[in-house]
Amino acid sequence: MSKGKYVKRTFPLAGLHCAGCAARVEKILNAQTGVVAASVNLAASTAAVEYDTMQTSPERLRQAVQEGGYDMLADSDDDTPDELERMNRERYRDLKRRAFWAVVLAIPVVVIGMFFMDMPYGGAIMALLSAPVVFWLGRGFFVNAWQQLRHRSATMDTLVALSTGIAYLFSLFNLVFPEFWLSRGVEPHVYFEAAAVIIAFILLGRTLEEKAKGDTTASLKKLIGLQPKNAIVVAADGTQTEIPISRIRVGDLLAVRPGEKIAVDGAVCEGDSYVDESMLSGEPLPVHKEPGTKVFAGTINQKGSFHFRAEKVGAATMLAQIIRMVQEAQGSKAPVQKLADKIAGIFVPAIIGIALLSFVLWLVFDPSGGLTHGILAAVTVLVIACPCALGLATPTAVMVGIGKGAEKGILIRDAVSLETAGKIDTVVMDKTGTLTEGKPVVTDIVWANGDDRAKAVFFSLEKLSEHPLADAVVHYFAGVPTLNVERFGSLTGKGIEGTVDGVRYFAGSRRLLDEQGIVVGKELNIEAQRLSAEAKSIVWFADSEQALAVAAIADRIKDSSVEAVRELQAAGIDVYMLTGDSRAVAGHIAEKAGIRHFEAEILPQDKAAFVKRLQTLGHKVAMAGDGINDSAALAQADLSIAMGGGSDIAMDVAQMTIISSDLRKIPEAIQLSKQTVRTIRQNLFWAFIYNLVGIPVAAGALYPVSGFLLNPMIAGAAMALSSVSVVANSLRLKYRR
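Residues numbered from 1 in each chain as written. Predicted model: local features only at pLDDT ≥ 70, side-chain atom pairs only at ≥ 80, totals over all residues. Heavy atoms only, no water.

Participant: What is the right way to read the packing of aromatic side chains from this model?
Facilitator: Any pair of aromatic rings gets described here by the distance separating the centres and the angle formed by the planes. Under the criterion given, the structure shown has 16 aromatic pairs. Judged by centre distance (5.4 Å) and plane angle (80°), the rings of phenylalanine 173 and phenylalanine 180 are edge-to-face. Given the relative accessible area of 32%, phenylalanine 173 is considered partly exposed. Ring centres 6.5 Å apart and planes at 85° place the aromatic pair tryptophan 447 and phenylalanine 458 in the edge-to-face group. (Phe/Tyr/Trp six-rings, centres within 6.5 Å; stacked < 30°, edge-to-face > 60°. Buried < 20%, exposed > 50% of the residue type's maximum accessible area, 1.4 Å probe, protein only.)

Next up, the structure:
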């Protein structure tokens, strides 16, 4: 057979709502002729497929996926992400609409079934109201069950479809032909409310899952949105033209104006400015750019303007690499398969087998009444095996756990996040904005001879400065009156100067004072050395003769950070600090916070790699951060924690968000996780114990011994009791400390 060209493409998928779906689509694609390898990313709803173009095509792959009950966009282009988002929005809206109407219609059915069963036409009303719930609003369960049956597999959808379908049809038969049972001395009962409530509950759960998944894909869209749409290219004759960034080529000369985003990675050729690179480095201070220094896509220019030469464009930029790393890290996680879904694969065929076996055994061992008792036993087995409690076990505990977390200022994304948090043995923290406040502030100011009469001059000078450290000084002196500054000037790389009431003043580096021949007193010099040893930035203030003050500026550690680190270490959890800052600053912060392990001067990809390295050593790693630069590491970690007040993207990627930015909430979240997971396991135990005890009884196991045969009505009550016990146990979580 002739071979075509091997290509690797990523195709958006539609209809994925669980890890089982992703595994099913992956299996279908890998089974196709010509496919070398296929990997499905559940978080991004995409399939990366490497295939031989001579043996298969995107259309054939799509057809195979559609036959499996899902869909794939074969013609992917620049508009594909928007198309996929539109499809997901429509699916979410559809699920929300179905869940709403299922609840609306199920409520009167339950009320009639519990309190007004003897009212005229009560059974008929219940049948009419529950029919659209089961067969219209819940039709997806039947369609999926049929698709799984065709592929010889079973999921929760199979169990839902079987139990609700049998319960409804059996109830309808009893309603229309009651004499069939009455003539045999059996009271006919209906179970319309059970069928309707099951569909309503499961639809509600699916709606919540779909919303969580939609929030995850939105974070990637925001990351992509950091890149500007257009850029200004400078021609050889100096003319400037605005073009889309897709047309930028390596070597192009680009102009950047104040306040604009930088389009691609490159190096400055002329001009100078300060650029906010916090989205990459996480550090709050803008970086000075001059000819020869590097600039990066997505970073924001401040007040100056410059020209730079494009060096990396498109997928090669650092921003594009961060986006790709987030996608890969999300996709590389083994999604936690819910215990209920795992058991359903064995549970469903087992229940069907038991129901059929009980029917056959009744026919064999009781030739006279075997048909009646056999049908009753088979239906009772299916009714008592109803997955209502299974469906409630996880969401009720999760809802209570998430609600309790929200009260404490901890936003938790889903059950997987809760389960993972309890297994964490290592917490990695970003420095800036997580351990520290995330903005430079004046921590100390020492005046020569304690004389601060010139503070208004210092304030007025710094108010005119464009240097990032000036903002800290201005904020510190807020409320001090502004004086008129004459002959103000900026001394590049050194500081500023200006005249107030005929006196010349300077603010800036020690080098500036030395060049001007300004005398520095011994006491001020000692203080400056002490503050500098604490890894703080130093700003000198002087008149034309002597130094008047020295100000120390630093990013201050949050009050809660030291206590949080101590609590985590006391719980046996290792704490690491990562930062793009210098080793001296990092060491000082780590020492003050009580952190024994830290890494300094690292880039975003280094953070993700560091997390991965810890994982390869067998650690369960939580990453706490607040910036876009942390998003790849957050996505790589087993548990990602975003600090409130940080970037939206960090919060979207994260599985937990600490609203207050108080690090003490992390040990609280881990404790809450352990409590919630314990509750989920208890719930699953109660959900299954009824089945394990009830199913043999429903099949007639006690009949030969005591003559007892479980009535389907009692089976329905037992099923309801299992649901009540699950909900009650979940509510206990709310009052635990």
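Next, the rest of the story.
Participant: Got a minute to help me understand unusual backbone geometry in this structure?
Facilitator: Note: most residues except glycine have negative phi, and most peptide bonds are trans. Although it is not a glycine, asparagine 449 adopts a positive phi angle of roughly 60°. Within the secondary structure, asparagine 449 is located in the loop between strand S15 (436–447) and helix H16 (455–463). On the accessibility criterion, asparagine 449 (76% relative accessible area) is exposed. Positive phi values are uncommon outside glycine, yet arginine 487 reaches one of about 50°. Inspection of the secondary structure puts arginine 487 in strand S16 (residues 486–491). (Helix = DSSP H or I, 4+ residues; strand = E, 2+ residues; numbered from the N terminus.)

Participant: Is there a simple way to think about the UniProt feature "transmembrane region" (unreviewed entry) in the protein in this case?
Facilitator: As annotated in UniProt, the feature "transmembrane region" (unreviewed entry) corresponds to residues 99–117, 123–146, 158–177, 189–208, 343–365, 371–394, 684–703 and 709–731 in the numbering used here. From the first C-alpha to the last, residues 99–117 spans 25 Å; its make-up is 89% helix and 0% strand. (UniProt positions renumbered as here; feature names shortened; annotations may be inferred.)

Participant: Quick question: what am I supposed to make of the packing of helix H20 (residues 561–570) against helix H25 (residues 665–699) here?
Facilitator: The angle between the axes and the distance between the axes are what describe a pair of packed helices. In the contact formed by H20 and H25, the axes pass within 8 Å of each other and the chain directions differ by 35°. The residues of H25 that touch H20, namely those facing Ala564, Glu567 and Leu568, are Ile666, Pro667 and Ile670. Its residues assigned to classes, the contact of H20 with H25 shows five nonpolar, no polar and one charged. (Axes fitted to C-alpha atoms, helices over the stretch in contact; angles between N-to-C directions. Contact = heavy atoms within 4.5 Å. Nonpolar A, V, L, I, M, F, W, Y, C, P; charged D, E, K, R; others polar.)

Participant: Looking at this model, I keep getting lost on the pairing of strand S6 (residues 240–244). Mind explaining?
Facilitator: Strand residues, when the strand is regular, have side chains that alternate between the two faces of the sheet. One ladder, built from five bridges, connects strand S5 (residues 230–234) with S6; its direction is antiparallel. In the sheet register, asparagine 230 faces S6, and the bridge partner there is proline 244. Remark: five residues form the turn of the hairpin made by S5 and S6, two consecutive strands paired antiparallel; glycine 238 in that turn has positive phi of roughly 95°. (Pairing = 2+ DSSP bridges.)

Participant: Would you explain the sheet that holds strand S25 (residues 656–658) in this entry?
Facilitator: Strand pairing in a sheet takes place through backbone hydrogen bonds and is either antiparallel or parallel in direction. Overall, mixed pairing links the seven strands, which are arranged S13-S25-S24-S23-S14-S21-S22 in an open sheet. The two strands at the open ends of the sheet, each matched to only one other strand, are strand S13 (410–412) and strand S22 (597–599). Across this sheet, the average inter-strand angle for adjacent strands is 20°, counted without regard to direction. Sheet strands touched by H25: S13, strand S23 (621–625), strand S24 (639–643) and S25. Its angle to S13, the strand with the most contacts, is close to 45°.

Participant: Explanation requested: the sheet that holds strand S19 (residues 537–543) in the structure shown.
Facilitator: Spatial ordering of the open sheet is given by S15-S20-S19-S18-S17-S16, a layout of six strands whose pairing is antiparallel. The open sheet has two free edges, formed respectively by S15 and S16, since each of these has just one partner strand. Ignoring strand direction, the axes of neighbouring strands in this sheet form an average angle of 15°.

Participant: Hey, could you run me through the side chain of arginine 98 in this one?
Facilitator: With respect to the helices and strands, the residue arginine 98 is situated in helix H3 (residues 80–115). A distance of 2.9 Å separates polar atoms of two side chains, one belonging to arginine 98 and the other to aspartate 94. Beyond its immediate stretch of four places on either side in the chain, arginine 98 contacts Trp136, Leu137, Arg139 and Leu203. (Polar contact = N/O pair within 3.5 Å; in protein donor to acceptor, adjacent residues only side chain to side chain.)

Participant: I keep staring at the packing of H16 against helix H17 (residues 468–476) and nothing clicks. Help me out?
Facilitator: Two numbers describe how H16 lies on H17: the axes approach to 9 Å, and their chain directions differ by 140°. Of the possible angle classes, the one that applies to H16 and H17 is oblique. Between H16 and H17 lies a crossing whose hand is left-handed. Between H16, through Phe458, Phe459, Glu462 and Lys463, and H17, the contact on the second element is made entirely by Ala470, Val473 and Val474. Among the residues forming the contact of H16 with H17, the class breakdown is five nonpolar, no polar and two charged. (Parallel < 35°, antiparallel > 145°, perpendicular 65-115°, else oblique. Left-handed = near helix turned anticlockwise from the far one by under 90°.)

Participant: It is not clear to me how the nonpolar core should be interpreted in this structure. Could you clarify?
Facilitator: Across soluble globular proteins, you tend to see nonpolar side chains buried next to one another. Within the largest apolar cluster, 53 residues are counted, with the highest numbers of intra-cluster contacts made by Met429, Leu435, Leu568, Ile595, Ile641, Met656 and Ile666. Examining the composition of this core, we find that 11 residues originate from one element, H25, more than from any other. In terms of nonpolar packing, the next biggest core, distinct from the first, is built from 31 residues, Leu105, Val134, Ala196 and Ala200 among them. (Core = buried A, V, L, I, M, F, W, Y, C linked by side-chain atoms within 4.5 Å.)

Participant: Looking at this structure, how should I read a nonpolar patch on the surface?
Facilitator: Taken together, the side chains of Ile107, Val111, Met114, Phe115, Phe116, Met119, Tyr121 and Ile125 present a nonpolar region at the surface, about 850 Å² in accessible area. Ranked by residues supplied to the nonpolar patch, first place goes to H3 with four residues. Residue valine 111 is classed as partly exposed on the basis of its relative accessible area of 34%. (Patch = residues over 30% accessible without salt bridge, like charges linked within 9 Å, V, L, I, M, F, W, Y side chains within 5 Å. Areas by Shrake-Rupley, 256 points an atom, 1.4 Å probe, with all protein chains shown as cover. Salt bridge = Lys/Arg side-chain N within 4 Å of Asp/Glu carboxyl O.)

Participant: Just checking my understanding: could you explain the pairing of strand S14 (residues 426–430) for this structure?
Facilitator: In terms of residue burial, S14 counts as a mostly covered element, since five of its five residues are buried. Neither face of S14 is open: one carries Thr426, Val428 and Asp430, the other Val427 and Met429, and all of them are buried. Pairing between S14 and strand S21 (residues 574–578): five bridges, direction parallel. Each bridged residue has a counterpart across the sheet, and for threonine 426 the counterpart in S21 is aspartate 574.

Participant: Looking at this model, I keep getting lost on the confidence of the model for the protein. Mind explaining?
Facilitator: Parts of the model with low pLDDT should not have their predicted coordinates read in detail. Taken as a whole, the protein shows an average pLDDT of 81; of its residues, 83% reach a score of 70 or greater. Mean pLDDT values for the elements of the protein range from 59 in helix H10 (residues 318–332) up to 95 in strand S7 (residues 253–256). Segment residues 329–337: pLDDT under 50, and 20 contacts once partners within four positions in sequence are set aside and those in other chains are kept. (pLDDT = per-residue confidence, 0-100.)

Participant: Sorry, what's going on with the pattern of salt bridges here?
Facilitator: Two side chains of opposite charge can pair, provided their charged atoms sit close to one another. A full pass over the atoms with the stated rule returns 17 salt bridges. One salt bridge connects aspartate 451 with arginine 453, and the closest N-O pair in it is separated by 3.0 Å. Given the relative accessible area of 32%, aspartate 451 is considered partly exposed. For lysine 494, the salt bridge is made with glutamate 515, and the minimal N-O distance between the two is 3.0 Å. With lysine 494 in the loop between S16 and strand S17 (495–500) and glutamate 515 in helix H18 (residues 510–515), this pair connects stretches of sequence that are 21 residues apart. Residue classification places glutamate 515 among the partly exposed residues on the basis of a relative accessible area of 46%. Shared partners join several salt bridges into a network, and the residues in it are Asp94, Arg97 and Arg98.

Participant: Would you explain helix H2 (residues 58–67) in this entry?
Facilitator: Along H2, the residues that are buried comprise Pro58, Leu61, Ala64 and Val65. Along the long axis of H2, the arc covered by the buried residues comes to 125°, so they all point the same way. Looking one or two residues past H2, glycine 69 carries a phi angle of roughly 95°, positive in sign. (Arc of directions from axis to C-beta.)

Participant: I'm lost on the environment of glutamate 193 in this one. Help?
Facilitator: Turning to its location among the elements, glutamate 193 is positioned in helix H8 (residues 192–225). Given a relative accessible area of 18%, glutamate 193 falls into the buried group. Spatially, the C-alpha atoms of glutamate 193 and valine 110 are 5.1 Å apart, while their sequence positions differ by 83 residues.

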